[in-house]
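Analysis of the macromolecular model
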Amino acid sequence: MTQPSEAPARRPADAEQLDVAIVGAGFAGLYMLHRLRKLGFRTRVFEAASDVGGTWFWNRYPGARCDVESMQYSYSFDEELQQEWRWSERFAAQPEILRYINHVADRFDLRRDVVLDTRIASARFDEATACWTLQTQGGERIVAPFCIMATGCLSAARLPDFPGMADYRGKILHTGQWPHEGVAFDGLNVAVVGTGSSAIQSIPPIAAQARHLTVFQRTPNFSVPARNWAMTPEYEERWKRDYAALRQRARAETRSGTIYEFSDKGALQVDAQARKAEYERRWQKGGANFMHAFNDILVDRQANDTAADFVRDKIRETVADPERAEALLPHDHPLGTKRICVDTDYYETFNRDNVSLVDIRATPIETLTEAGLRVGGRDYAFDAIVFATGFDAMTGALAAIDIRGRDGLALKQAWASGPRTYLGLMSEGFPNLFTITGPGSPSVLSNVIVSIEQHVDWIADCLDHLRQAGIRTIEPEPEAQEEWVAHVNEVAHRTLYPQANSWYMGANIPGKTRVFMPYIGGVGAYRQICEQVAANGYRGFRLMPAPGADRLESLSVAS
Ligand code: N01
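Residues numbered from 1 in each chain as written. Predicted model: local features only at pLDDT ≥ 70, side-chain atom pairs only at ≥ 80, totals over all residues. Heavy atoms only, no water.

Quick word on the packing of aromatic side chains
Overall, the coordinates contain 40 aromatic pairs when judged by the stated rule. Relative to Tyr 526, the ring of Tyr 519 has its centre 5.9 Å away and its plane inclined at 50°; by these criteria the two rings are tilted. Side by side, Tyr 519 and Tyr 526 carry an identical accessibility label, which is buried. Three or more aromatic residues joined by ring pairs form one cluster here, namely Phe 27, Tyr 31, Trp 56, Tyr 73, Tyr 75, Phe 77, Trp 85, Trp 87, Tyr 100 and Phe 108. (Phe/Tyr/Trp six-rings, centres within 6.5 Å; stacked < 30°, edge-to-face > 60°. Buried < 20%, exposed > 50% of the residue type's maximum accessible area, 1.4 Å probe, protein only.)

What to know about the confidence of the model for the protein
Looking at the protein, the pLDDT average stands at 95 and 96% of residues meet or exceed 70. Contacts from residues 1-5, a stretch scored under 50 in pLDDT, to residues over four places away or in other chains number 9 contacts. In the model, residues 549-559 has pLDDT below 50 throughout and makes 18 contacts with residues more than four positions away in sequence or in other chains. (pLDDT = per-residue confidence, 0-100. Contact = heavy atoms within 4.5 Å.)

So, the sheet that holds strand E14 (residues 355-359)
The strand order across the open sheet built from 5 strands is E9-E18-E10-E11-E14, with neighbouring strands paired in parallel fashion. With one partner strand each, in any of the chains shown, strand E9 (171-174) and E14 form the two edges of the open sheet. Strand after strand, the sheet turns through a mean of 20° between neighbouring axes, direction not considered. Pairing of strand E11 (residues 212-217) with E14 involves 5 bridges; the strand directions are parallel. Paired with Phe 216 across the bridge in E14 is Val 358. (Pairing = 2+ DSSP bridges. Helix = DSSP H or I, 4+ residues; strand = E, 2+ residues; numbered from the N terminus. Axes fitted to C-alpha atoms, helices over the stretch in contact; angles between N-to-C directions.)

Details of the pattern of salt bridges
Once the charged atoms of two side chains with opposite charge are near each other, the side chains can pair. Counted under the stated rule, the structure contains 40 salt bridges. With a shortest N-O distance of 2.1 Å, Arg 406 and Glu 127 are connected by a salt bridge. Within this pair, whereas Arg 406 is found in the loop between strand E19 (402-404) and helix H13 (411-414), its partner Glu 127 is found in the loop between strand E5 (120-126) and strand E6 (131-136), the two being separated by 279 residues in sequence. Classification of Arg 406 as partly exposed rests on a relative accessible area of 22%. Between Glu 475 and Arg 406 there is a salt bridge; the shortest N-O distance is 2.3 Å. Of this pair, Glu 475 sits in strand E21 (residues 471-476) while Arg 406 sits in the loop between E19 and H13, and the two are 69 residues apart along the sequence. Exposure remark for Glu 475: the relative accessible area of 2% places this residue in the buried category. Members of the salt-bridge network, linked through shared partners, are Glu 127, Arg 406, Glu 475, Glu 477 and Arg 542. (Salt bridge = Lys/Arg side-chain N within 4 Å of Asp/Glu carboxyl O.)

Overview of the site of the ligand
Taken together, 25 residues lie around the ligand, and Thr 195, Ser 198, Arg 218, Thr 219 and Lys 338 are the ones closest in. The contact in question runs from an oxygen atom of the ligand to an N or O atom on the side chain of Ser 198, over 2.6 Å. Contact with the protein chains hides 89% of the accessible area of the ligand, taken as 910 Å² for the molecule alone. Each of domain 1 (8-156 + 393-545) and domain 2 (158-221 + 347-390) accounts for three or more of the residues forming the shell around the ligand. (Near = heavy atom within 4 Å. Polar contact = N/O pair within 3.5 Å; in protein donor to acceptor, adjacent residues only side chain to side chain. Areas by Shrake-Rupley, 256 points an atom, 1.4 Å probe, with all protein chains shown as cover. Domains from an automatic or database assignment.)

A look at the packing of helix H7 (residues 243-253) against helix H16 (residues 523-535)
At a minimum axis distance of 5 Å, the contact between H7 and H16 shows a crossing angle of 80°. In terms of axis orientation, H7 runs roughly perpendicular to H16. On H16, the residues touching Ala 250, Arg 251 and Ala 252 of H7 are Val 523, Gly 524 and Arg 527. Residues that form the contact of H7 with H16 fall into these classes: 3 nonpolar, 1 polar and 2 charged. (Parallel < 35°, antiparallel > 145°, perpendicular 65-115°, else oblique. Nonpolar A, V, L, I, M, F, W, Y, C, P; charged D, E, K, R; others polar.)

Considerations on the side chain of Arg 282
As for its placement among the helices and strands, Arg 282 is situated in helix H8 (residues 272-285). At a separation of 2.8 Å, a polar atom in the side chain of Arg 282 contacts the main-chain carbonyl oxygen of Asn 289. Beyond its immediate sequence surroundings of up to four residues, Arg 282 is in contact with Glu 261, Asn 289, Phe 290, His 292 and Ala 293.

With respect to the environment of Asp 353
Along the chain, Asp 353 falls in the loop between helix H11 (346-349) and E14. Residues Asp 353 and Leu 213, 140 residues apart in the sequence, show an inter-C-alpha distance of 9.6 Å.

Here we look at the environment of Cys 462
In this fold, Cys 462 is placed in helix H14 (residues 448-469). Each C-alpha atom of the pair Cys 462 and Lys 412 lies 26 Å from the other, and the pair is 50 residues apart in sequence.

Regarding the sheet that holds strand E20 (residues 433-435)
Strands sit in the order E4-E3-E2-E8-E20 across an open sheet of 5 strands; the sheet is parallel. Looking along the sheet, the strands with just one partner apiece sit at the ends: strand E4 (114-115) and E20. Two elements, strand E2 (residues 20-23) and strand E8 (residues 146-149), share 4 bridges in a ladder whose sense is parallel. Looking at the pairing, Ala 21 lines up with Cys 147 of E8. The strands touched by helix H1 (residues 27-38) within the sheet are E2, strand E3 (43-46), E4 and E8, with E2 carrying the most contacts at an inclination of about 160°. Lying over the sheet, H14 contacts E2, E8 and E20, oriented at roughly 160° with respect to E20.

Quick notes on the pairing of strand E15 (residues 365-368)
Note: E15 against strand E16 (residues 372-375), 3 bridges, orientation antiparallel. Its bridge partner being in E16, Thr 367 is matched across the sheet by Arg 374. Hairpin connection of E15 to E16: 3 residues between the antiparallel strands.

Here it is as C-alpha cells:
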C-alpha cells in the first residue's frame, strides 16, 4: 500500500488557465486526470468534497456495500494495480472501496492536481475565445477550452420536501450524505423512509442497533440475497491469473460490463420444475447473477413473472408474519426494472420484535412534526429519521451547475423535456463539454467502472486527436443527436424497463420529464459504436478548426 503522497492541490488562482477542467474526483474524474496528464494536457480536477472518492466518499451509511463483485468493480487500466490490490470480500464494503480509491490517488500521484472543497457553481462557454469559464462557489474562476463533467449519476442526493422539515427537532439523515463521524443508533427510536437499495442495505444494521426501527415503505422492492463471503485465495487467483482477458470479455462481450453466468435459454423454454431449480440455485449462490437465470427476464413479461413469483414466494417463506410478508411483496413493476436490490438479511429483519413496517402508498407522509412525522393523522415520534430517498439521478448533478453553452443556452433548458445527447458524451449547443457516463450511455445499467474507463479513454483519445488536427471545437451535429436520442428511446422500449416508475425514468422526482435516460444497448455494442464514430473522423460531430495559431496556445502541451 502506498503512503498518502502530495498535499491536495492549491486553490485555483483567479482566472486560472488550463487545457482541460474536470469536475468531480470520483472514479471517473481521477482516471480522466491520469489519462490527460499522461498526454501532457494541463488539467485539474475540482471536487466539492473534502477528499476524493465521489459516491463512495458520501455514501457511508451502515451496510453500504457494492453489489458488483469486487474483482470486477475496480479499475482495469493498470495491470500492476489490479494484480497488487487485494480485496477482502466478494462484495466490498464502502470503507474498503474508499481505501482503494485513495490508494489509486496516491499510487498515481493524482492529489496534486485535485482541488478539494471546491464546488463548481457555473460553467459558461464563450464563443469568441472558445473557452469555458468555470466559477466556484467561492467566486474563483477557471478558464479552459475543454470541460469534462465527471459529476456522477447518483450524486445529487434528494430529500423530499415534506412540510415541517424545519420543525423536526431530531436528527435528519440522508443515506447519500452520511455524517463522517458515523451515527450511533444505540437506544434510539429510528425511522427509515424508502425501500430502495440504500434502505435495503442500511435497514438490517440499523435495526440491530436501534431500540426500535420503523420502516416507511411507499413501493415494495425486489431484493435478492448477496451471500457475501470473505475472499478466498483460490477465487482471487482465478481472476488474477487471467485478468486482462476477463476484463476484455466484460468490456466487449457483455451488456452490463460484468461477467455473470449467462444463459442462452428463455424462461419459458424449460418446464416449471427446471425453472424453479435454476432460480433456487442462483438464489443460493447470491448476487445479481439471479437476473441472468434466463435470457428474457427483462424483455418478456411472462418470463419476468416467473422470476418475480419466485422472489415473492421467498419473501413469504422468510417473513414470519403473513400480513407483513404480503405488505413487502412487490407487485407494481416487473422484477429488475427498478434496479434489483442485493441484501444481507433484509427480509429476515422484518421478523425482529423491534422493527415495524408502515405502508405509505395509500396514505403518504403528511408532514414532519417537532417530534417525528405524521401519516394518516397518526403521529410517530423518532430520535432520528433516515431518508433513503435516493437521488436526482443522471441529470441532477449537472442541473445543480448553471451550465450555459452557445448563446447563453442553459443546459437545464436544453434538457427540459429529457436529456438530449449524442452517445451520452456531448450535447448540441455545448461545444467542448463532455459528460462521463452521461445520459444516453450505458452508465448506470452497467458496472460503472467499465463504462467510466471506456468514456475516459474515448475522450482522452478525442482530445489528443483534436490537438493534433488543430481543431478548436467539437460539438454534436443536431441530426446525429436526434438519431441517437431516438435510438436510446427505441431500444429501451423493446424491454420491460419503461414499465416501472423508476429513477431511470426520472419518475422519482416530482415534475421531472419521464424518459428512459441510460442506453440499454449494452456496453459491448455501445463501445463498438463509439469506436466506429471515432474511426470515421468523429462522424456525427461538427469539428471546427482553430483560426491560425490560436489553437496552439489554447491547447498547449505541457513540457
Ligand atoms: O434510491 P432509490 P437508493 N415518500 O431511488 C422512496 C445505487 N445504489 O439510494 O419507489 C416516501 O432506489 C422510494 O419510493 P418509490 C443503485 O443503482 C447501489 O436506494 O419512489 N418514499 C424508494 O423506495 C440504486 O438503484 C447500491 O415509491 C419516498 C426510495 O425512497 C440507486 O443507487 C447501494 C419518497 C428511494 O430509492 C439509488 O438507490 C445503494 C417520498 N417522498 C444504492 N421519495 C449498491 O451497489 C422517495 N421515496 C448495493
